[in-house]
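Given next are the chains, with one letter for each unit.
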Amino acid sequence: MKEFSFKYLNPVICFGMIGVMIVFFSCESSDKHQQEEFSLPPDTLPPEGMIWIPGGEFYMGTNEMESYAVERPTVKRKVKGFWMDKTEVTNEQFAAFVEATGYVTVAEREVDWEELKLQLPPNTPKPEEELLQPGSLVFSPPAHAVPLDDISQWWKWVTGANWRHPEGPESSIQGRENHPVVHVAYEDAEAYAAWAGKRLPTEAEWEFAAKGGRAHQRYAWGEEFRPNEVYMANTFQGKFPHQNESTDGFSGTAPVKSFPPNDFGLYDMIGNVWELTSDWYDAISFARIAGNAPPLDSSINLCYNPSNPYALEKVIKGGSFLCADDYCINYRPSARQSQAIDSGTSNIGFRCVKDIE
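## Considerations on the environment of phenylalanine 264
Among the structural elements, phenylalanine 264 can be located in the loop between β10 (243-244) and β11 (274-280). With relative accessibility at 11%, the residue phenylalanine 264 sits in the buried group. C-alpha of phenylalanine 264 to C-alpha of lysine 211: the two residues are 53 residues apart in sequence and 8.6 Å apart in space.

## Remarks on the pattern of salt bridges
For the coordinates displayed, the defined rule picks out 19 salt bridges. When the shortest N-O distance is used, the salt bridge between glutamate 108 and arginine 164 registers 3.2 Å. Highlighted residues: glutamate 108 in the loop between α1 (91-101) and α2 (113-116) and arginine 164 in the loop between β8 (155-159) and α3 (186-195), separated in sequence by 56 residues. Judged by its relative accessible area of 23%, glutamate 108 falls in the partly exposed class. In this structure, lysine 211 and glutamate 207 form a salt bridge, with 2.9 Å as the shortest nitrogen-oxygen distance. Placement of the pair is lysine 211 and glutamate 207 together in helix α4 (residues 203-211), with a separation of four residues, close to one helical turn. Accessibility assignment for this pair places lysine 211 and glutamate 207 in one class, buried. If you follow the salt bridges from partner to partner, you end up with Glu203, Glu207, Lys211, Lys317 and Arg336 in one network.

## Comments concerning the sheet that holds strand β3 (residues 50-53)
The antiparallel open sheet is built from three strands, whose spatial order is β3-β6-β15. Looking along the sheet, the strands with just one partner apiece sit at the ends: β3 and β15 (353-354). Sitting on the sheet, α4 touches β3, β6 (82-85) and β15, and the angle it makes with β6 is about 75°.

## Points about the environment of phenylalanine 286
Checked against the element boundaries, phenylalanine 286 lands in helix α5 (residues 285-289). Beyond its immediate sequence surroundings of up to four residues, phenylalanine 286 is in contact with Met60, Gly61, Val70, Glu71, Arg72, Pro73, Val75, Glu203 and Arg336.

## Topic: α3
For α3, the set of buried residues is Tyr186, Asp188, Ala189, Tyr192 and Ala193. Down the axis of α3, the buried set is contained in an arc of 165°. They therefore lie on one face. Among the structural elements, α1, β11 and β12 (313-317) are those in contact with the buried residues of α3. Remark: glycine 197 follows α3 within two positions and exhibits a positive phi of approximately 75°.

## Focus on the sheet that holds strand β14 (residues 348-349)
The four strands lie next to each other as β13-β12-β11-β14, forming an open sheet whose pairing is mixed. Looking along the sheet, the strands with just one partner apiece sit at the ends: β13 (336-340) and β14.

## So, the nonpolar core
Membership of the largest hydrophobic core comes to 46 residues, with the highest contact counts inside it found for Ile53, Met84, Trp154, Trp221 and Phe240. If you list the elements that add at least two residues to this core, you get β4 (56-60), β5 (75-79), β6, β7 (135-139), β8 and α4. With five residues, the single largest contributor to this core is α4. For methionine 84, the contacting residues outside a window of four places in its chain are Gly49, Met50, Ile51, Ile53, Pro201, Trp206, Ala209, Leu266, Met269, Arg351, Cys352 and Val353. The next biggest cluster of nonpolar side chains, apart from the first, holds 20 residues, and it includes Ile173, Tyr192, Trp274 and Ile348.

## Notes on the packing of aromatic side chains
Within the structure shown, the criterion is met by 23 aromatic pairs. A ring pair is formed by phenylalanine 94 and tryptophan 163, whose centres lie 5.2 Å apart and whose planes are at 70°; its orientation type is edge-to-face. Here the residue phenylalanine 94 occupies a position in helix α1, and tryptophan 163 occupies one in the loop between β8 and α3, the gap between them amounting to 69 residues. Neither phenylalanine 94 nor tryptophan 163 differs from the other in exposure class; each is buried. Between the aromatic rings of phenylalanine 236 and phenylalanine 240, the centroid separation amounts to 5.2 Å while the plane-to-plane angle is 70°, which identifies the pairing as edge-to-face. Pair check on accessibility: phenylalanine 236 and phenylalanine 240 agree, each one buried.

## Some thoughts on the environment of aspartate 326
Relative to the helices and strands, aspartate 326 is located in the loop between β12 and β13. Discounting chain neighbours no more than four positions away, the residues touching aspartate 326 are Leu148, Gly238, Lys239 and Phe240. Within the local environment of aspartate 326, its side chain forms a polar contact with the backbone nitrogen of phenylalanine 240, the two atoms lying 3.1 Å apart.

## As for the packing of α1 against α3
Contact pair α1 / α3: the axes reach a minimum separation of 11 Å and the direction vectors enclose 80°. As summarised for this structure, α1 and α3 are arranged roughly perpendicular, according to the angle between their axes. For the pair formed by α1 and α3, the contact residues are Gln93, Phe94, Ala96, Phe97, Ala100 and Thr101 on the first element and Asp188, Ala191, Tyr192 and Trp195 on the second. Here the contact of α1 with α3 is composed, by residue class, of seven nonpolar, two polar and one charged.

## Overview of α4
Counting buried residues along α4, nine of its nine residues qualify, which places the element largely inside the surrounding structure. When we look at burial in α4, the residues that qualify are Glu203, Ala204, Glu205, Trp206, Glu207, Phe208, Ala209, Ala210 and Lys211. Among the residues trailing α4, glycine 212 stands out with phi positive, at a value near 60°.

## Comments concerning the confidence of the model for the protein chain
On average, residues of the protein chain carry a pLDDT of 88, and 89% of them reach 70 or more. Taken together, the stretch residues 1-30 has pLDDT below 50 and engages in 87 contacts with residues farther than four places along the chain or on a different chain.

Conventions we followed
- Residues numbered from 1 in each chain as written.
- Predicted model: local features only at pLDDT ≥ 70, side-chain atom pairs only at ≥ 80, totals over all residues.
- Heavy atoms only, no water.
- Helix = DSSP H or I, 4+ residues; strand = E, 2+ residues; numbered from the N terminus.
- Buried < 20%, exposed > 50% of the residue type's maximum accessible area, 1.4 Å probe, protein only.
- Salt bridge = Lys/Arg side-chain N within 4 Å of Asp/Glu carboxyl O.
- Pairing = 2+ DSSP bridges.
- Contact = heavy atoms within 4.5 Å.
- Axes fitted to C-alpha atoms, helices over the stretch in contact; angles between N-to-C directions.
- Arc of directions from axis to C-beta.
- Core = buried A, V, L, I, M, F, W, Y, C linked by side-chain atoms within 4.5 Å.
- Phe/Tyr/Trp six-rings, centres within 6.5 Å; stacked < 30°, edge-to-face > 60°.
- Polar contact = N/O pair within 3.5 Å; in protein donor to acceptor, adjacent residues only side chain to side chain.
- Parallel < 35°, antiparallel > 145°, perpendicular 65-115°, else oblique.
- Nonpolar A, V, L, I, M, F, W, Y, C, P; charged D, E, K, R; others polar.
- pLDDT = per-residue confidence, 0-100.

Given below as structure tokens:
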């Protein structure tokens, strides 16, 4: 299988940052969000596979110093109640959508260089035609330790990689029907959601749901990463990226519901795969909300990412099976990263929400 030179790829695929700072907490008087005074009509039946999220006011982001600047400062937000998928959308569910509609994902389509180059720095040279073939980014761990500032050491563009073939043409999803679907671009997730009569969550909805009604706690389940030595999410154990000890039982994606649900009854809100949201990415959105930065001028750009100014990106949440203590700390509800709308990877998926009728 051919590998695409990383210099042509969107640099925002870096899902972690180096450096850990001293922990500092900004405490509030309550450890619970203020949930809205609302109850569903009697005998309301939940949509299949979904659970009611009551909505209310909550503290979004974090003031912990052991976090990333894009998560700070904490801001108070409010969301209305909504239904949410209990799990990430699985291969089996996505296959049903494709079978019913004949949908072809972005990773399965021919690459349009004229469209691709619009999200790359000016004068980026066009790669060889044989490399401009349908494919996607695949996590490909090296055999030894490598510098952690060069993500091309473990991310490879693989021709023929897509949701049906997660590691490339020779792989398949047979036996992984209950794993989260991956290699989906934003428009693929939107298409599935529309077919299912749902939509993608906003970043605020996603974070509210992930926190499960808990305020100012580091993880979706509390303050300890492994309470009573129990793994609560599918993350990376060992030395990233070359040595995954898989002590949580998985070296890649895990079947949904492999780990305990949060207080709302949602599975895998942390780890397993990053999840797409409907919000455009803004690296300083919380600073803007807090009045510490000017509003984003959407007439100039829909999103703001100084490290990747040419891309159109959506917010992704929750971290993935590649979040490692020695590389990133994105296995927290407040963690947020960006993802270009025209591509997917082997560790990004999604779940849907639905408004009350």
